[in-house]
Amino acid sequence: QVQVVESGGGLVQPGGSLRLSCVASGFTFRDYRMSWYRQAPGKERELVSTITSAGGFRNYTNSVKGRFTISRDNAKNTVYLQMNSLKPEDTAVYYCNARRNRNLDYWGQGTRVTVSS
């Protein structure tokens, strides 16, 4: 049974930090590209960051470059998103995605991040 489970969201003040985690099971994690997406209220889901299966390549949407860092631990079947210098516009539900191809594409249920004073 495939499971993708995010955690680590919460309420944080502007300028603060959070680390999101995503634990996967039920498939060969090391073969999958992992991504974080987010969806803010009233907006479409957007890609935040992606890391390739071996971790050799990472990319970020422009609005988070220099503030967010994606990483993975294939031994723990886990991908992380370290979020620093958080801004109110980072408020969203953050989703973890595991993708090998269009037929092997799994999503978590999301974790909510609220940046507010």
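Presented here is an overview of the structure given in this document.

Calculation notes
Residues numbered from 1 in each chain as written. Predicted model: local features only at pLDDT ≥ 70, side-chain atom pairs only at ≥ 80, totals over all residues. Heavy atoms only, no water. Pairing = 2+ DSSP bridges. Helix = DSSP H or I, 4+ residues; strand = E, 2+ residues; numbered from the N terminus. Axes fitted to C-alpha atoms, helices over the stretch in contact; angles between N-to-C directions. Buried < 20%, exposed > 50% of the residue type's maximum accessible area, 1.4 Å probe, protein only. Contact = heavy atoms within 4.5 Å. Polar contact = N/O pair within 3.5 Å; in protein donor to acceptor, adjacent residues only side chain to side chain. Phe/Tyr/Trp six-rings, centres within 6.5 Å; stacked < 30°, edge-to-face > 60°. Lys NZ or Arg CZ within 6 Å of the ring centre and 35° of its normal. Core = buried A, V, L, I, M, F, W, Y, C linked by side-chain atoms within 4.5 Å. Disulfide = S-S within 2.5 Å.

Right, let's talk about the sheet that holds strand β3 (residues 18–25) for a bit. If you trace the four strands from one edge of the open sheet to the other, you get β1-β3-β8-β7, paired in antiparallel fashion. At either end of the open sheet lies a strand with only one pairing partner, and these are β1 (3–7) and β7 (68–73). Across this sheet, the average inter-strand angle for adjacent strands is 15 degrees, counted without regard to direction. Note that β1 and β3 share five bridges and pair antiparallel. Each bridged residue has a counterpart across the sheet, and for V4 the counterpart in β3 is A24.

Moving on, we come to the environment of D90. Considering the arrangement of structural elements, one finds D90 in the loop between β8 (78–83) and β9 (92–101). By relative accessible area, D90 is classed as buried at 0%. For the pair formed by D90 and V4, sequence separation is 86 residues and the distance between their alpha carbons is 22 Å. The residues contacting D90, other than those within four sequence positions of it, are R38, V64, R67, F68, S85, V113 and V115. Separated by 2.8 Å, the side chain of D90 and the backbone nitrogen of K87 make a polar contact.

Before going further, it helps to examine the packing of aromatic side chains. Pairs of aromatic rings are described using the distance from one ring centre to the other and the angle between the two planes. One pass over the full model with this rule turns up four aromatic pairs. Ring-pair connections join several aromatic residues into one group, and the members of that group are F27, Y32 and Y106. Across from the ring centre of Y95, 3.8 Å away, lies the NZ or CZ of R45, which sits over that ring. Lying across the ring of W107, R45 places its NZ or CZ 4.7 Å from the centre.

A word on the pairing of strand β11 (residues 111–115). Covered by surrounding structure in β11 are T111, V113 and V115 only, the residues R112 and T114 on the alternate face being uncovered. Strand direction decides the pairing type here: strand β2 (residues 10–12) and β11, joined by three bridges, are parallel. Bridging across to β11, G10 finds its partner in V113. Where β9 and β11 come together, three bridges link them in antiparallel fashion. When the bridges of β11 are listed, A92 appears paired with V113.

Let's shift gears to the nonpolar core. By size, the foremost hydrophobic cluster in this structure holds 27 residues, and its most contacted members are M34, W36, F68, V79, L81, M83 and Y94. Aside from chain neighbours lying at most four places away, what touches L81 is L18, R19, L20, W36, V48, S49, F68, T69, I70 and Y94.

Moving on to the state of the cysteines. Evaluation of the coordinates by the stated rule reveals one disulfide. Residue C22 pairs covalently with C96 via a disulfide, S to S 2.1 Å. Across the S-S bond of C22 and C96 the torsion is about -80 degrees, and the bridge reads as left-handed. You can see C22 sitting in strand β3 and its partner C96 sitting in strand β9, a full 74 residues away along the chain. With respect to burial, C22 and C96 carry one shared label: buried.

The analysis is restricted to geometry; functional conclusions fall outside its scope.
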